[in-house]
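Architecture at a glance
For reference, the chains in residue letters:
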Amino acid sequence: MRVLRQIHAHVLTRLLPISALSFVLSKIAAFCSLSPLGDISYARRVFSRIPYQNIFCWNAMIRGCSQVDNPSKESIFLFKKLNERGCPGLNSFTLAFVLKACSIVSALEEGRQVHSRVFRSGFGSSPFVQTALVNMYAKCEEVWLAQLVFDEITERNLIAWSTMIGGYSRAGLVDETFELFRGMQMAGVEPDQVTMVSVVSACTFAGSLDMGRWVHAYMEKQMIDIDLELGTALVNMYAKCGCIKKAKAIFDNLSVKDAKAWSSMIVGLAIHGLYEEALKHFAMMEADKVIPDHLTFIGILSACGHSGLVSEGRRFWSHMIESGIKPSTEHYVCMIDLLCRAGLVVEACTLVKNMTISPNPVIWRTILVGCKKNGMLAKGELIAEWLLELEPLNAENYTLLSSFYASVSQWEKMSLVRMKMKEKRIKLIPACSSIEIYGFVHEFKMGDWSHPETNEMREVIGDISVRIRETGYKSSITEVLHRVVDEEKENALGEHSERLAVAYGLWKTKAPAVIRVVNNLRICGDCHEVMKIVSKIYEREIIVRDRFRFHKFVNGSCTCKDYW
């Protein structure tokens, strides 16, 4: 920038024709706005002093203002100003750049207005503009509109396909992502790293390890180079699909590791309960002079929380504050969860009072769970009152409150909660578990015997029941919220969705195949105990991914060490 300023000063001291001066200043403004070595503030000043602002410098400013660290709607305001002036005439680059700016700040309404301008200006058939429209709608979570624009593109190039696949992937529409990916292959368009990041992310969202392995093998077959971003996506996928060893192997093979890669590895280790490894990787990250970001601290605080490391959690919290990272809601949730798990509910409440941001329902639910674990009836009822004021129609709140009252044998109050749910027509979130067998996903719900192979499953479950009782197992009937006789409670526990999924896995697969189950809720204590026993008597490795973390059951023990 020092040399550029000297050039700028030299130009201003010469009596150049207006056209020549405008040309040179537009080049300076473009460099300042677009180059990594530039200065957007300097670009604004130069741009404002250009006698004749051609479309080149307008495009450069619109694009440059959208690439700043904290983007705003400045690019959109510049476009509006250009549109009002009517001179110089805009081109396809102008429209593509402003659409990109809309996608960055999720300005859907402004993006729609630009779309209408596209039609009026006659650039609707430009592949460059069409792809920008697909990207804008996809980033603004209007995937169906992105698909409509995508369908109008006659010659779809790699960027168009990747943009649309990325839109579906970000929206969590896994089936649509893979359907489009297959369409891309049939069209003869070779995917690149950007495409594969979206496909791998879809596997992560689905929790499908088999599909993730297939995608990884496909990349190797097509000789797609695994760069930093794609490598990080693979680390995240394998970690969140329950294969932490593979995630670590890919991470170790990355030649360059940025904060995102380190954070993905640390978060992966944390959700698998490998807190010592998580702490070790955090130390390695700092030794490599990589500055931890907000995601890194979420991972490390989560690792401390799932392992009961209160003093270490406090130390990392202080480290985060000293590093200049402002605690987000996610950070507060991790720290409050850590304190509540350790029985320090009062300290957790003090932290909430001192929060710099307003506590959201997730935080209140975390404290309510802490009150449940510690039998704090009065405090729990107060928290529940605040929670229901914030979210009076959220079924999860009522389920948690019912569980809270059941844990302290307040059956009348629990019944009142259930009655209130009926009055408000609030339906419970059904417990659901899934298991992938030979590429097919089988889903099970609590007490649901609609699976076509129910008779065979009943035999397996009966065998499990007999064999675990022979070990001296007694069911924890407090896990059932119904006020019924103990025998009925035991039967209800035996029909929990994760048990049905594990039984199906035992029947359909043989050792040493790992039984992998995904559960949409937190695994209950009784099912956790049963999984430990089953892993030992059947000599099978069982991995259960519940709502919060992974549980790996091997030879009668779990990686969580019964602290979760």
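In the annotation of an unreviewed UniProt entry, the entry for the chain reads DYW domain containing protein, and the organism field reads Trema orientale. Checking UniProt for the chain, the heading Sequence similarities (unreviewed entry) contains the comment "Belongs to the PPR family. PCMP-H subfamily."

**As for the overall build of the chain**
Within the chain one finds 29 helices and six strands. In terms of principal-axis extent, the alpha carbons of the chain reach across some 95 × 55 × 55 Å. Carbon and sulfur atoms make up 55% of the accessible area of the chain, which amounts to about 28,000 Å² in all. A distance of 6 Å separates the average location of the 66 positive side-chain charges in the chain from that of its 61 negative side-chain charges.

**Overview of the nonpolar core**
Within the largest apolar cluster, 143 residues are counted, with the highest numbers of intra-cluster contacts made by Met196, Ile336 and Ile367. Counting residues per element, this core draws most heavily on helix H20 (residues 329-341), at eight residues. Both domain 1 (278-359) and domain 2 (363-429) contribute no fewer than three residues apiece to this core. With residues near it in sequence (within four places) discarded, isoleucine 367 still touches Ile336, Cys340, Val345, Cys349, Val352 and Ile383. Core analysis: the second largest hydrophobic core is formed by 31 residues, Ile464, Ile468, Leu506 and Val534 among them.

**Side note on the pattern of salt bridges**
A complete count under the given rule lists 15 salt bridges for this structure. Between aspartate 526 and arginine 499 there is a salt bridge, with the nearest N and O atoms lying 2.0 Å from each other. Of this pair, aspartate 526 sits in helix H29 (residues 525-537) while arginine 499 sits in helix H28 (residues 497-508); the two residues are 27 residues apart in sequence, bridging distant segments of the chain. Given the relative accessible area of 11%, arginine 499 is considered buried. For lysine 532, the salt bridge is made with glutamate 529, and the minimal N-O distance between the two is 3.3 Å. Remark: glutamate 529 and lysine 532 occur in helix H29; sequence separation between them is three residues, near one turn of the helix.

**Comments concerning the environment of cysteine 527**
Within the secondary structure, cysteine 527 is located in helix H29. On the accessibility criterion, cysteine 527 (0% relative accessible area) is buried. Along the backbone, cysteine 527 and glutamate 498 are 29 residues apart, and their C-alpha atoms lie at a distance of 7.6 Å. For cysteine 527, the residues in contact, after removing those within four places along its chain, are His496, Glu498 and Arg499.

**Looking at the environment of phenylalanine 297**
The topology assignment puts phenylalanine 297 in helix H18 (residues 294-305). Residue phenylalanine 297 is classed as buried on the basis of its relative accessible area of 0%. A sequence separation of 37 residues divides phenylalanine 297 from cysteine 334, and the C-alpha atoms of the two residues are 9.3 Å apart. Among all residues touching phenylalanine 297, those that are not within four sequence positions of it are Phe282, Pro292, Phe316, His319, Met320, Ser323, Ile325 and His331.

**Section: the sheet that holds strand S6 (residues 557-558)**
In space, the six strands of this open sheet follow the order S2-S1-S3-S4-S5-S6, with mixed pairing throughout. Of all the strands in the sheet, the pair left with one neighbour each is strand S2 (440-445) and S6. Inspection of the sheet shows strand S3 (residues 515-519) paired to strand S4 (residues 542-545) by four bridges, in the parallel sense. Of the residues in S4, the one forming a bridge with isoleucine 515 is isoleucine 542.

**Some points on the UniProt feature "repeat: PPR" (unreviewed entry) in the chain**
As recorded in UniProt, the sites labelled "repeat: PPR" (unreviewed entry) are residues 54-89, 157-191, 258-292 and 293-327. Structurally, residues 54-89 comprises 64% helix and 0% strand, and the distance from its first C-alpha atom to its last is 9 Å. Between the end C-alpha atoms of residues 157-191 the distance is 10 Å, and the span holds 74% helix and 0% strand.

**What to know about the packing of helix H24 (residues 395-407) against helix H25 (residues 411-423)**
Two measures define how a pair of helices packs: the angle their axes make with one another and the distance between the axes. Between H24 and H25, whose axes approach to 8 Å, the crossing angle comes to 165°. The pairing of H24 with H25 is recorded here as roughly antiparallel in orientation. With respect to the hand of their crossing, H24 and H25 are arranged in left-handed fashion. Contacts from Tyr398, Leu401, Ser402, Tyr405 and Ala406 of H24 reach H25 at Trp411, Lys413, Met414, Val417, Arg418, Lys420 and Met421. Tallied by class, residues from the contact of H24 with H25 come to eight nonpolar, one polar and three charged.

**Some remarks on the packing of aromatic side chains**
Under the criterion given, the structure shown has 14 aromatic pairs. A centroid spacing of 5.6 Å and a plane angle of 85° characterise the contact between phenylalanine 181 and tyrosine 218, whose relative ring orientation is edge-to-face. Placement of the pair is phenylalanine 181 in helix H11 (residues 174-186) and tyrosine 218 in helix H13 (residues 209-221), with a sequence separation of 37 residues. Here phenylalanine 181 falls in the buried class, since its relative accessible area comes to 1%. Residue tyrosine 218 is classed as buried on the basis of its relative accessible area, which comes to 12%. Here the aromatic residues Phe93, Phe97 and Phe128 are joined through ring pairs into a cluster of three or more. It is arginine 156 that lies over the ring of phenylalanine 150; its NZ or CZ is 4.4 Å from the centre. Just above the ring of phenylalanine 316 sits the side chain of arginine 315; from NZ or CZ to the centre is 4.6 Å.

**Details of the domain arrangement of the chain**
As assigned here, the chain comprises domain 1 (278-359), domain 2 (363-429) and domain 3 (432-558). When each unit is reduced to the centre of its C-alpha atoms, the spacing between domain 2 and domain 3 is 26 Å.

**A few points about the pairing of S2**
Side-chain direction in a regular strand flips from residue to residue, so the side chains alternate between the two faces of the sheet. In this structure, strand S1 (residues 432-437) lies alongside S2, joined through six bridges in antiparallel fashion. Note that in S2 the partner of serine 433 across the bridge is phenylalanine 444. The hairpin formed by S1 and S2 contains two residues between the paired strands, and tyrosine 438 there has a positive phi angle of roughly 55°.

**A few points about the side chain of histidine 216**
Here histidine 216 lies in helix H13. Contacts of histidine 216, omitting those with residues within four sequence positions, involve Ile226, Leu234, Tyr238, Lys246 and Ile250.

Reading guide: rules and limits
- Residues numbered from 1 in each chain as written.
- Predicted model: local features only at pLDDT ≥ 70, side-chain atom pairs only at ≥ 80, totals over all residues.
- Heavy atoms only, no water.
- UniProt positions renumbered as here; feature names shortened; annotations may be inferred.
- Helix = DSSP H or I, 4+ residues; strand = E, 2+ residues; numbered from the N terminus.
- Areas by Shrake-Rupley, 256 points an atom, 1.4 Å probe, with all protein chains shown as cover.
- Lys, Arg positive; Asp, Glu negative; His and termini not counted.
- Charge placed at Lys NZ, Arg CZ, Asp CG, Glu CD.
- Core = buried A, V, L, I, M, F, W, Y, C linked by side-chain atoms within 4.5 Å.
- Buried < 20%, exposed > 50% of the residue type's maximum accessible area, 1.4 Å probe, protein only.
- Domains from an automatic or database assignment.
- Contact = heavy atoms within 4.5 Å.
- Salt bridge = Lys/Arg side-chain N within 4 Å of Asp/Glu carboxyl O.
- Pairing = 2+ DSSP bridges.
- Axes fitted to C-alpha atoms, helices over the stretch in contact; angles between N-to-C directions.
- Parallel < 35°, antiparallel > 145°, perpendicular 65-115°, else oblique.
- Left-handed = near helix turned anticlockwise from the far one by under 90°.
- Nonpolar A, V, L, I, M, F, W, Y, C, P; charged D, E, K, R; others polar.
- Phe/Tyr/Trp six-rings, centres within 6.5 Å; stacked < 30°, edge-to-face > 60°.
- Lys NZ or Arg CZ within 6 Å of the ring centre and 35° of its normal.

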